[in-house]
Structure formats: structure tokens, C-alpha cells
Amino acid sequence: MIRKSLEDGVQTLRLDRPEKKNALTGQMYSDLAEALETGNTDADIRCHLICGLPEVFTAGNDIGDFLQYAGKTGLGETPVVRFLRALVRNEKPLVASIDGIAIGVGTTLLMHCDMVFASPRALIRSPFVDLGLVPEAGSSLLGPQIMGPARAFELLCLGNAFSAEKAAQAGLVNEVVEGDVDAAALACAKEIAAKPPEAMALSRKLLRGDTSQLSERVEEEIRIFASRLSAPETIAAFQAFMTKKKA
Ligand SMILES: CC(C)(COP(=O)(O)OP(=O)(O)OC[C@H]1O[C@@H](n2cnc3c(N)ncnc32)[C@H](O)[C@@H]1OP(=O)(O)O)[C@@H](O)C(=O)NCCC(=O)NCCSC(=O)/C=C1/CC=CC=CO1
């Protein structure tokens, strides 16, 4: 589930599905998308904070859910697609706090954040190719822009895990926090929320620039990603994960 709260202009979105390492379900994507969309029109929400649980941000998309899409022609207007579009269209500053594993979309959503805080035990990993998949959430465009093509290849194609320190060196993480990472991220989100909102919105928009190329890339990735969900090597990788867990 997603636990939502609003305090001092900060909408906190806490991923909370500990029994499955916060793997994201359709309902969780819908809740996240709705929260971001609401923020675009609700003046009381001045900043979003997305966080997970101790030792786990998220294990990425629920792999069991992926198997349901095999054989289908596209992802259509599924909750995950709604969420990916909501990330691109989000107009309010987005802060993330990672205190553990951040896998798949748990990595790529960070590229849409304005500030990212990580604890020393954070581990960022995107095993897309190992799963027979391709990068998503615009990461094929944002990844090379943020960290350069070489490190983006290492993270997004090779699937190497990045420590918090390495992610900070790559420009994906703003600060590695030794103490309470959620508290540090919340303090930053409140600082953002306390600033003049119009100037903040205009400044953020200038920094982001024209997002049409990003939107197009997200749609292109969705098309390729959807077709990959029926590829034999992909289905085999999903089944291997599910079976290994059941054994
Ligand atoms: C490294 C792990 C995250 C954790 O390992 P470990 O601590 O040993 O814990 P486990 O025993 O493996 O896991 C505990 C239970 O959680 C279940 N689980 C974990 N991850 C997932 C998942 N992603 N989907 C479904 N279920 C998950 C696991 O089966 C256990 O359940 P049971 O107790 O009932 O057996 C490790 O679990 C791991 O590597 N997980 C898989 C990570 C992964 O490959 N994620 C997919 C990333 S791809 C992605 O996110 C892509 C997209 C797609 C396109 C668009 C947008 C979204 O995302």
C-alpha cells in the first residue's frame, strides 16, 4: 500500500508492502499517480516526498504482475503507464529518501526527483537486461544526461548495483545521510515547501526545460517494454524468479 500524509505543505508517499519488499502493484501505481496528479492542482501540496521502509525502498515492479501481461499487445492505460506519465507531468518538486534496495522503477523514478537522499545501506540496481527487458520511465534518456553514457550503461544495461556513494558520484543522489535519512529528506522537503511557490514552480520548470522529448521517449520505451513482456527470454526470467522463490 501507499501511506499518504500532508504536513507543512509536504505530501509524503510512503511505500509500505514489507512482505514483498515493497514491490509495486497496480493499486500502488494508481495511488502514486493520483497523488502526483492531485499535487498539480492542489495549492496545499507544495512538495512531494517519496520514501520506503528501513532497508527497502522498493524491489521494483511486482514480477508476478508482469506475467499477466505476457501475450497482450500493449500496456494500454494500465496503472503503471498512468504512473510513468504522471512522473513526467508532475509539476511539484519531488524529493526521495532511500534507505535500502531501490530496484528497477525504484531506480528510474529517482531520475525524476529534484532531490534524492540515501542512507549508506542504499543499493540502486536495474536488472532490466537480465530480465529480458529494457530501461523505462525515460531512463534511457535521463540516465545518460544525468550520469554520462558510460555510467548509464553500467547501471541500466549491465545491471551493476550502485552503492549510495557511487550513485552520489554519478549525480543520481544529492546526499548520503549517515543518520535518519527520512528525517533529512523531510527537512529538505519542508524547506522547499516554505519557499515562494510561484518562483519555485517557474525555476523548476526552467531547469527541466522542454519535456516533449522525454514524453516521447517514455512512450517509446513503453511500446518496446510491452512487446518484451511476451518474449520467451523475458517470461523465462520472470518464471525463474517466481519459481526460485517458491522452491
Ligand atoms: C533483492 C530482493 C529485492 C530481495 O531479496 P531478499 O532479501 O532475499 O528477499 P526475497 O526473499 O527475495 O523477497 C521477499 C519476498 O518478496 C518477494 N519479492 C521481492 N521482489 C519482488 C518483486 N519484484 N515482485 C514480486 N515479489 C517480489 C519475494 O518473492 C518474496 O516473497 P515470498 O516471501 O512470498 O517468497 C529480491 O527479492 C529481488 O531481486 N527481487 C526482484 C527484483 C526485480 O527484479 N524487480 C523487477 C525490476 S524491473 C521493474 O521494476 C520494471 C518496471 C517496468 C516498466 C515500467 C515501470 C515499472 O517497472
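Conventions we followed
Residues numbered from 1 in each chain as written. Predicted model: local features only at pLDDT ≥ 70, side-chain atom pairs only at ≥ 80, totals over all residues. Heavy atoms only, no water. UniProt positions renumbered as here; feature names shortened; annotations may be inferred. Pairing = 2+ DSSP bridges. Helix = DSSP H or I, 4+ residues; strand = E, 2+ residues; numbered from the N terminus. Core = buried A, V, L, I, M, F, W, Y, C linked by side-chain atoms within 4.5 Å. Buried < 20%, exposed > 50% of the residue type's maximum accessible area, 1.4 Å probe, protein only. Contact = heavy atoms within 4.5 Å. Salt bridge = Lys/Arg side-chain N within 4 Å of Asp/Glu carboxyl O. Phe/Tyr/Trp six-rings, centres within 6.5 Å; stacked < 30°, edge-to-face > 60°. 1 Å grid on protein atoms, 1.4 Å probe; cavity = no way out; pocket = protein on both sides within 12 Å on 5 of 7 lines; lining within 4 Å. Points joined across faces, edges and corners; volume = space filled by probe spheres on them. Nonpolar A, V, L, I, M, F, W, Y, C, P; charged D, E, K, R; others polar.

By the naming in an unreviewed UniProt entry, the chain goes by 1,2-epoxyphenylacetyl-CoA isomerase and is assigned to Roseibium aggregatum. Its UniProt record, at the heading Subcellular location (unreviewed entry), says of the chain: "Peroxisome".

Asker: What should I look at first to understand the pairing of strand β1 (residues 2-7) in this one?
Answerer: Sheet faces and side chains relate simply in a regular strand, where the side chains alternate between the two faces. Bridge count between β1 and strand β2 (residues 10-15): six bridges; the pairing is antiparallel. Looking at β2, one finds that Leu-6 is bridged to Gln-11. Hairpin connection between β1 and β2: a loop of two residues separates the two successive antiparallel strands, and Asp-8 in this loop has a positive phi of roughly 50°.

Asker: Would you take a moment to explain the nonpolar core for this structure?
Answerer: General note: in soluble globular proteins, nonpolar side chains tend to be found buried as a group. Of all hydrophobic cores here, the largest spans 60 residues; its most connected members are Phe-83, Ile-98, Leu-110 and Ile-124. Broken down by element, the residue count for this core peaks at seven residues, all from helix α3 (residues 79-89). Ignoring anything within four residues of it in the chain, the contact list for Leu-110 reads Phe-57, Ala-96, Ile-98, Val-116, Ile-124 and Leu-172. Counting residues in hydrophobic clusters, the runner-up holds twelve residues, among them Leu-49, Val-181, Ala-185 and Cys-188.

Asker: Could you clarify how one ought to interpret the pattern of salt bridges in this entry?
Answerer: Any two side chains of opposite charge can pair if their charged atoms end up close together. A complete count under the given rule lists 15 salt bridges for this structure. Glu-220 is the salt-bridge partner of Arg-217, the closest N and O atoms lying 3.9 Å from each other. Highlighted residues: Arg-217 and Glu-220, both in helix α9 (residues 212-228), separated by three residues, approximately one helical turn. A relative accessible area of 25% means that Arg-217 is categorised as partly exposed.

Asker: Where do I start with unusual backbone geometry in this structure?
Answerer: In terms of backbone geometry, most residues other than glycine have negative phi values and most peptide bonds are trans. Despite not being glycine, Lys-21 shows a phi value in the positive range, around 55°. With a phi angle near 60°, Asn-22 is a residue other than glycine that sits in the positive phi range. Residue placement: Asn-22 occurs in the loop between β2 and α1 (26-41). Judged by relative accessible area, which is 0%, Asn-22 ranks as buried.

Asker: Looking at this structure, how should I read the pairing of strand β5 (residues 94-98)?
Answerer: Among the five residues of β5, five are classified as buried, and the element is accordingly described as predominantly covered. Residue alternation in β5 divides its side chains into two sets, Leu-94, Ala-96 and Ile-98 and Val-95 and Ser-97, and both sets are buried. Across four bridges, β5 lies against strand β7 (residues 115-118) in parallel orientation. Opposite Ala-96, over in β7, you have Val-116 as the bridge partner.

Asker: Help me understand the packing of aromatic side chains, please; the structure alone is not making it clear to me.
Answerer: The relative placement of two aromatic rings is captured by the distance of their centres and the angle of their planes. Applying the stated criterion to the full structure yields three aromatic pairs. On the basis of an interplanar angle of 40° and a centroid distance of 5.7 Å, the ring pair of Phe-66 and Phe-225 is categorised as tilted. Of the two residues, Phe-66 sits in helix α2 (residues 63-68) while Phe-225 sits in helix α9, which places them 159 residues apart along the sequence. Ring plane angle 10° and centroid distance 5.0 Å describe the contact between Phe-66 and Phe-238, whose orientation is recorded as stacked. Of this pair, Phe-66 sits in helix α2 while Phe-238 sits in helix α10 (residues 232-246), and the two are 172 residues apart along the sequence. Pair check on accessibility: Phe-66 and Phe-238 agree, each one buried.

Asker: Explain the layout of surface pockets to me, please; I cannot follow it from the model alone.
Answerer: Sizing a probe to match a water molecule and rolling it over the atoms shows the empty space that remains. By volume, the largest pocket is sized at about 800 Å³. What lines the largest pocket is a set of 37 residues, among which Ala-59, Asn-61, Asp-62, Ile-63 and Phe-241 lie closest to the centre. When residues of the lining of the largest pocket are traced back to their parent elements, those giving at least two are α2, α3, α9 and α10. In terms of residue count, α10 provides more of the lining of the largest pocket than any other element does, seven residues in total. Split by residue class, the lining of the largest pocket holds 22 nonpolar, four polar and eleven charged.

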